[in-house]
4 protein chains.
Amino acid sequence: MDAIERLSKLFERFPGIGPRQAQRFVQFLLRSSPAIRREMMESIRELGSDVHQCPSCQRYHTGTKGLCDICSSSSRDSSLLAIVASDADLAALERSHTFRGLYFVVGGLLSLASDRMSGLRVKELLDSLPERIENGLKEAILAFPANPEGDSTAIRIREELTEKAVGVKVSSLGRGLSTGSELEYADPETLKNALENRH
Amino acid sequence: MDAIERLSKLFERFPGIGPRQAQRFVQFLLRSSPAIRREMMESIRELGSDVHQCPSCQRYHTGTKGLCDICSSSSRDSSLLAIVASDADLAALERSHTFRGLYFVVGGLLSLASDRMSGLRVKELLDSLPERIENGLKEAILAFPANPEGDSTAIRIREELTEKAVGVKVSSLGRGLSTGSELEYADPETLKNALENRH
Amino acid sequence: MDAIERLSKLFERFPGIGPRQAQRFVQFLLRSSPAIRREMMESIRELGSDVHQCPSCQRYHTGTKGLCDICSSSSRDSSLLAIVASDADLAALERSHTFRGLYFVVGGLLSLASDRMSGLRVKELLDSLPERIENGLKEAILAFPANPEGDSTAIRIREELTEKAVGVKVSSLGRGLSTGSELEYADPETLKNALENRH
Amino acid sequence: MDAIERLSKLFERFPGIGPRQAQRFVQFLLRSSPAIRREMMESIRELGSDVHQCPSCQRYHTGTKGLCDICSSSSRDSSLLAIVASDADLAALERSHTFRGLYFVVGGLLSLASDRMSGLRVKELLDSLPERIENGLKEAILAFPANPEGDSTAIRIREELTEKAVGVKVSSLGRGLSTGSELEYADPETLKNALENRH
C-alpha cells in the first residue's frame, strides 16, 4: 500500500468519511504546499505532546498540564456538576452560556447492544465524589442526549449516584418542545413531556 | 383554460404541491376509473354538507351538527383548556393520550410580517370564557409550536387572557430536549430551557 | 368512515402522498370557500366528460373529440415517431422544443417483476403501423427513461418493431453525460456511453 | 491558538468540511492511539517525499520517480489523448475500463468568475503536443464535466488545440441521458442532446 492509499485508509476511519471523500482529502493534501503538510504534521504531533486530559473533568485541553481552565476557575459553582457524554457536549453547554457549574465527561454512552459500562469513566466519577461533596456538591445533572442510549446511560449512572452520593440531588435535563418543534409533527413522548413540564 | 389545466391549477394551491406534482395528480385521476372520480366528487361535496364546525372548540367534525364528541364528552376535564393553532395540532395532542381537558382552535398563528390577529378566533375565545369559567376552568394552556410565530401568538393571547380571564392560570408547554435531541447539535435556547427545566 | 376520512383515504392513493399530507389536503379543502370546492368537483367531473384520449398517440387531451392537436397538425413530421412511456414524458419532449415528429404513448413500462407487457398499448402501436408507414414513417425513436425498466421495455418493443415494421429504422435516445454530470461521480456505464458517443 | 484549534482550522480547509466536523476530526484524533497519530504524520510526510507528479500526464503517483504506470505502459493507445480536469476524473475513467488511450490532467476548470486560465496546465499541454503527435496522436478528447465551467474550459482548450495541434481531431464526450435519467425530469438541453445523438 503506497502513501496515497495509506493516508486514504486513515481518513476513512474518521467519523462520517467514506472512501470517496477520503480520496479527496488526499488529493487536497497532494495539491497543498509543503508548508501546509508540515503544519498538519506538527499539529498532530502536538495533539500528543501538548494536549492533556484534565484529571478532574476528564476533557482534553491545551492549558498547562493539570486542571483545565474550567475546573481551576474560582468563579464556577462547585455545588453543581453536569455529567456529560463527550467533550463536544460539554462545549455545547458552554456555548449556551447558561451553566456556571462544573463538568464531568464520562466519555461515551452505554451501547444498547452490549449494555456494558466498559469504556465509560464511571469509576473515576464515583471516586471523585467524596472530594466534590467536600467542596460543596449539591446537585448532579445528568446531561445526556434525549435518545435511548442517553436514557440508558442516565438510568445506570443515576443508580450508582443514588447509592454512592447520598445527599446529592440527581436531576436530568428538562424535556419538552425544542426550538422549532411543531406540535403536528412532535412524537407523543415529547408532547407528554411538554404538557407535564408546562409552566 | 381546459379541465386538465384548471384542475392542475387547483392542485397547485394545495399545501406543499408544485406544478409538476399537480400535473401528476391530474394524470392519476385521468387514468383512474370513473368510480374513483365520482367518489372523489362526492367526498368533496360531503365536506361542505356533512362536516360541521364545533361551536365550542371550533374544530371541524362529522358528528351530528352541534358540539363535537370531545366538547360534549362528560369525561373530559373542564378545568383545563388547551389553546391550539389548528385541527392538526389538536389531533396530535389527542394522539399522545396525555391531555384530558378541553380545546380551543384559534385557526392559525400570528403572521410575523403583518403582526395582526385578523383571521384568528381570539374574540370567539374571549367570548367563550365566562361560560368556561362557570364550568370550572382553572388553567389555559397555550399549546403553540416552538417557533417565532408560535411564540408571538402565545404572547398576544396571554395578554388578552390575563386581562379578561382573571383567576385563570395561563401556562405554556414545557421547553427542553425533544425526543432525539443531541446536546452537541442543540441550539443555545433549547439547552438553556433544558437546564432551567431540569427535574 | 366519515367524509373527512373518506376523502383522506382517496388522497392517500395519489402518487407520492402519505396519510399526513392527505389529512392536510382535507383540512385545506375544509378551510377553503365553497366556491373552491365546487370548482374542484366540476373540474373532476369535466375530466371524465371533456377529456378524450387521442386515438392516434393515445394521450389525454381536451380538444374536440378525435385527434389531439399534435396528431392533427400538418406541420409535424410524420416520418418520425417517438414512442414514450407516459403523457408526462411526451410533455417533457414538447417542452424541449426539439422534436417535430409524432408520438405514441404506450402507457407505462415493462415491470421487471412480472416481465409482462400487459397494460402497455403494444398491440395498438403495431396496429397503427401500416397507416403510419403509408404516411411516410421512416424512423421510430424509443424514447424511454435510462433505467432498467426503460431498457427492458425498449428491447421488447424493438423486437416487435423489427418484425412488424420492416423498412422502418428503430433508434434509441443518445446516452452520455447529462447536464450537470461530473465525471468523478458518473457511473461506468454513463462514462462508457459518453466515450463511445463522443463527437 | 492551541494545537486543538490549529488542527481544527486546518481540517476546515479540507473540501466539504465545516467547523463542526473539523472539531469532530480533532476529537477523533485525540481519542486515537498514539500509533494512529504517528501513522498519520508519517503518511503525510511520505506524500511529500514518495509521491511524484508524472511529467507526462501530470497526475500524482507513487511509483518510481518519472513516468506513471499509465504513461509508461506499452499497451496504451497513444493515438488517443483524454484531457481531464483532475486526478479524480482520470481515476473515474480508469474505473470504467473503457478508455485505453493516454491522459493529460489540466488541474482544474476555468472559473466563470475570473475567466482566466491561470493555474491550469495549458502551456504544459501545448508544449507536449509535438512529441505526442510524433508518437501517433490522432484525437484529443475533451473529457470535462457537463456543467458551465466544464463547457467553458472545453471551448478555450479546443481553440488552443485547433490552432496548435493541426491534424489532430478534437472531440468531446457524448451528451444525452445518463444512467437513471427520467425523461419527465430531464432538462431541455439533455433531451435535445439525447434526440440529436440517438442511434
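Okay, so let's go over this structure. (Residues numbered from 1 in each chain as written. Chains lettered and ligands numbered in written order. Predicted model: local features only at pLDDT ≥ 70, side-chain atom pairs only at ≥ 80, totals over all residues.)

### Regarding the arrangement of the chains
The closest approach of any C-alpha atom in chain A to one in chain C is 9 Å; the two make no contact. The two partners chain B and chain D share no contact, and the minimum distance between any of their C-alpha atoms is 9 Å. (Contact = placed C-beta atoms within 7 Å.)

### Focus: the relation of the copies chain B and chain A
With an RMSD of 0.2 Å, chain B superimposes on chain A once it is rotated by 180 degrees and translated 0.0 Å along the axis. The relationship between the two copies is best expressed as a two-fold rotation axis. For chain B, the residue whose C-alpha comes nearest the rotation axis is Gly176(B), separated from it by 2.3 Å. By residue overlap, the copies meet face to face through one surface: 100% of the interface positions of chain B are interface positions in chain A. (Least-squares fit on C-alpha atoms with pLDDT ≥ 70 in both.)

### Notes on the interface of chain D and chain C
Contact residues are listed per partner, giving 43 residues for chain D and 43 residues for chain C. Elements that contribute at least two residues to the side of chain D that touches chain C include exactly α4 (87–95), β5 (139–143), β6 (169–172) and α7 (188–196) of chain D. Broken down by element, the residue count for the side of chain D that touches chain C peaks at nine residues, all from α7(D). Taken together, the residues that form the side of chain D that touches chain C break down as 17 nonpolar, 16 polar and 10 charged. (Helix = DSSP H or I, 4+ residues; strand = E, 2+ residues; numbered from the N terminus. Nonpolar A, V, L, I, M, F, W, Y, C, P; charged D, E, K, R; others polar.)

### Notes on the sheet that holds strand β6 (residues 169–172) of chain C
Residues and elements named next belong to chain C. Spatially, β4-β3-β5-β6 is the arrangement adopted by the four strands of the open sheet, whose pairing is parallel. Only two strands of the sheet have a single partner each, and these edge strands are β4 (101–105) and β6. The sheet shows a mean angle of 25 degrees between the axes of neighbouring strands, direction not considered. For strand β3 (residues 77–84) and β4, the ladder comprises five bridges, and the chain directions are parallel. (Pairing = 2+ DSSP bridges. Axes fitted to C-alpha atoms, helices over the stretch in contact; angles between N-to-C directions.)

### Side note on the packing of helix α3 (residues 34–50) of chain B against helix α1 (residues 3–12) of chain C
For the pair α3(B) and α1(C), the least separation of the axes is 9 Å and the interaxial angle reads 150 degrees. Taken as axis vectors, α3(B) and α1(C) run roughly antiparallel relative to one another. Relative to α1(C), α3(B) is oriented so that their crossing is left-handed. Across from Glu39(B), Met40(B), Ser43(B), Ile44(B), Glu46(B), Leu47(B) and Asp50(B) in α3(B), the residues of α1(C) making contact are Ala3(C), Arg6(C), Leu7(C) and Leu10(C). Taken together, the residues of the contact of α3(B) with α1(C) break down into six nonpolar, one polar and four charged. (Parallel < 35°, antiparallel > 145°, perpendicular 65-115°, else oblique. Left-handed = near helix turned anticlockwise from the far one by under 90°.)

This is a description of form; function is not addressed.
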